[in-house]
Amino acid sequence: MASSDQAKSKSTDKLWTPANIVTLVRICLVPVFVVALLSPWPQWLGLPQVADDAKSLIAAGIFILISCTDWLDGYLARSRGEVTDFGKFMDPLADKILVCAALLALIELGSLPSWVVLVILAREFIVSGVRMVAATEGVVIAASWYGKFKTVFQMAAIVLFCIKESYMVGSFNAAFSDWLWLLSWGVMLIALVLTVVSMLDYIAKARHLIGFGPKARRPVAAEGEGETAVRQITAEEIAAIEPAALGTLAGEVLDAARRTGAVVGTAESLTGGLVAAALTAVPGSSDTVRGGVVSYANDVKREVLGVPLETLERHGAVSAETARAMAEGARRDLGVDVAVSVTGIAGPGGAESGKPVGTVWIGLASEGLVDARLHEFPGDRSQVRLQTVRAALQRLKEALEAVEA
């Protein structure tokens with residue numbers, strides 16, 4: 001999806017979409033998994049030949065099946081253009097219900113100590129609270145890779161504990177002579193470390209919102225692979241954005257570039273060249289502006305800016321990874337010191353799961369710094385594009401002033 005009007009989205013008013021049905025089926029299968037793991041169902045069904053080991057394997061298989069449907073409903077929603085508010089609410093809830101049910105079942109079996117579950121559930125409560133606070137401030141906190149890997153290791157550990165009950169008590173030698181015991185606990189400990197680290201990552205990103213730091217309109221992005229959430233602009237602020245104000249901001253960008261002797265460039269998707277136009281509208285801009293690339297289509301991102309095909313297929317055009325790659329490509333190909341990139345969904349269509357209309361990533365590449373910032377702008381198509389231009393100019397100004405300092 002190179003831009004919002006290139007994607008055709010079906011109506012999201014429907015409730016019973018295939019994706020939502022899969023999500024509800026996933027939730028309904030959770031009790032089946034718990035019963036398969038805990039109950040003496042072989043005796044109920046007159047199948048005494050089914051041993052406890054086989055019962056554990058069957059329960060683990062059900063858990064894996066339920067986990068795999070998480071990918072399926074997301075794929076159906078995106079591919080069919082049927083991303084609904086109900087799906088956005090139920091999909092993450094289904095995952096939490098499954099994990100909580102599995103962990104509590106393992107405690108009842110005596111396979112897992114309660115402190116492990118306490119750590120995992122405490123993290124979920126804390127992160128949910130941070131997100132609620134951020135939402136009240138109009139801030140979108142980008143999920144990091146810590147959380148994604150945490151989920152993968154949690155799921156793997158649960159499967160391993162279902163297959164082989166861990167020793168809660170017993171001799172030290174007996175426990176450590178069992179390779180499956182070692183593997184199960186090794187994976188679980190990695191999951192616990194990632195659980196705590198991902199929680200701290202969320203808290204660090206929202207520290208200015210929950211009292212651990214000063215309130216800030218635009219948090220500074222971390223270097224390298226950093227992603228920063230940015231406060232949502234208000235309706236009054238949108239109305240205050242005028243061409244004259246953008247011209248003043250563009251002039252400030254060029255002044256900062258001149259003071260540092262830097263040359264700048266742009267790579268734009270949803271704005272279609274508006275950022276470069278704002279810069280070049282200022283008289284005398286030719287001494288600091290080298291040029292810009294309008295990479296509206298994915299093949300232009302790939303062939304001109306060098307955005308890897310794998311990045312576009314795996315993360316999509318509207319992502320931190322693509323924004324960073326666009327900025328790096330513009331800096332390299334235009335031969336500039338600092339390059340800014342923009343990619344997002346201006347509307348009215350094109351929304352995806354987790355990427356509503358107004359989602360915009362702004363990337364920046366300079367010497368020793370490549371980052372991307374996530375914005376979620378309100379308003380119609382023209383307002384989203386206008387806010388993106390202002391945010392991109394502000395990002396350029398910040399980067400140049402940082403070099404100057």
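It should be noted that the structure appears before, not after, this text.
Just so you know, these numbers come straight off a predicted model, no measurement behind them.

## What about the pattern of salt bridges?
So, step 1. Following the criterion strictly, the structure yields 13 salt bridges and no others.
So, step 2. With its nearest N and O atoms 3.6 Å apart, the salt bridge here joins E303 to R302.
So, step 3. In this structure E303 comes out as exposed when scored by relative accessible area, which is 60%.
So, step 4. We note a salt bridge from R395 to D371, for which the minimum N-O separation is 2.7 Å. Of this pair, R395 sits in helix α15 (residues 381–404) while D371 sits in strand β6 (residues 369–376), and the two are 24 residues apart along the sequence. Neither R395 nor D371 differs from the other in exposure class; each is buried.

## A look at the packing of helix α6 (residues 145–163) against helix α8 (residues 179–205)
So, step 1. For the pair α6 and α8, the least separation of the axes is 8 Å and the interaxial angle reads 155 degrees. By the angle between their directions, the pair α6 and α8 is classed as roughly antiparallel. In terms of crossing hand, the pair formed by α6 and α8 is left-handed.
So, step 2. Of the residues assigned to the contact of α6 with α8, the class counts are 17 nonpolar, 5 polar and 2 charged.

## What to know about α6
So, step 1. The terminal C-alpha atoms of α6, which comprises 19 residues, lie 27 Å apart, in line with the 27 Å expected from a rise of 1.5 Å per residue.
So, step 2. Buried within α6 are the following residues: G147, K150, Q154, M155, A157, I158, V159, L160, F161 and C162.

## Points about helix α1 (residues 18–38)
So, step 1. Taking 1.5 Å of rise per residue, the 21 residues of α1 would be expected to cover 30 Å, and the 31 Å separating its terminal C-alpha atoms lies within 8% of that figure.
So, step 2. A19, N20, V22, T23, R26, I27, V30, F33, A36 and L37 are the residues of α1 that are buried.

## So, a nonpolar patch on the surface
So, step 1. On the surface, L15, W16, I21 and V25 cluster together to form a nonpolar patch covering roughly 400 Å² of accessible area.
So, step 2. Examined against the element boundaries, V25 turns out to sit in helix α1.
So, step 3. Here V25 falls in the partly exposed class, since its relative accessible area comes to 43%.

What counts and what doesn't
- Residues numbered from 1 in each chain as written.
- Predicted model: local features only at pLDDT ≥ 70, side-chain atom pairs only at ≥ 80, totals over all residues.
- Heavy atoms only, no water.
- Salt bridge = Lys/Arg side-chain N within 4 Å of Asp/Glu carboxyl O.
- Buried < 20%, exposed > 50% of the residue type's maximum accessible area, 1.4 Å probe, protein only.
- Helix = DSSP H or I, 4+ residues; strand = E, 2+ residues; numbered from the N terminus.
- Axes fitted to C-alpha atoms, helices over the stretch in contact; angles between N-to-C directions.
- Parallel < 35°, antiparallel > 145°, perpendicular 65-115°, else oblique.
- Left-handed = near helix turned anticlockwise from the far one by under 90°.
- Nonpolar A, V, L, I, M, F, W, Y, C, P; charged D, E, K, R; others polar.
- Expected span 1.5 Å × (residues − 1).
- Patch = residues over 30% accessible without salt bridge, like charges linked within 9 Å, V, L, I, M, F, W, Y side chains within 5 Å.
- Areas by Shrake-Rupley, 256 points an atom, 1.4 Å probe, with all protein chains shown as cover.

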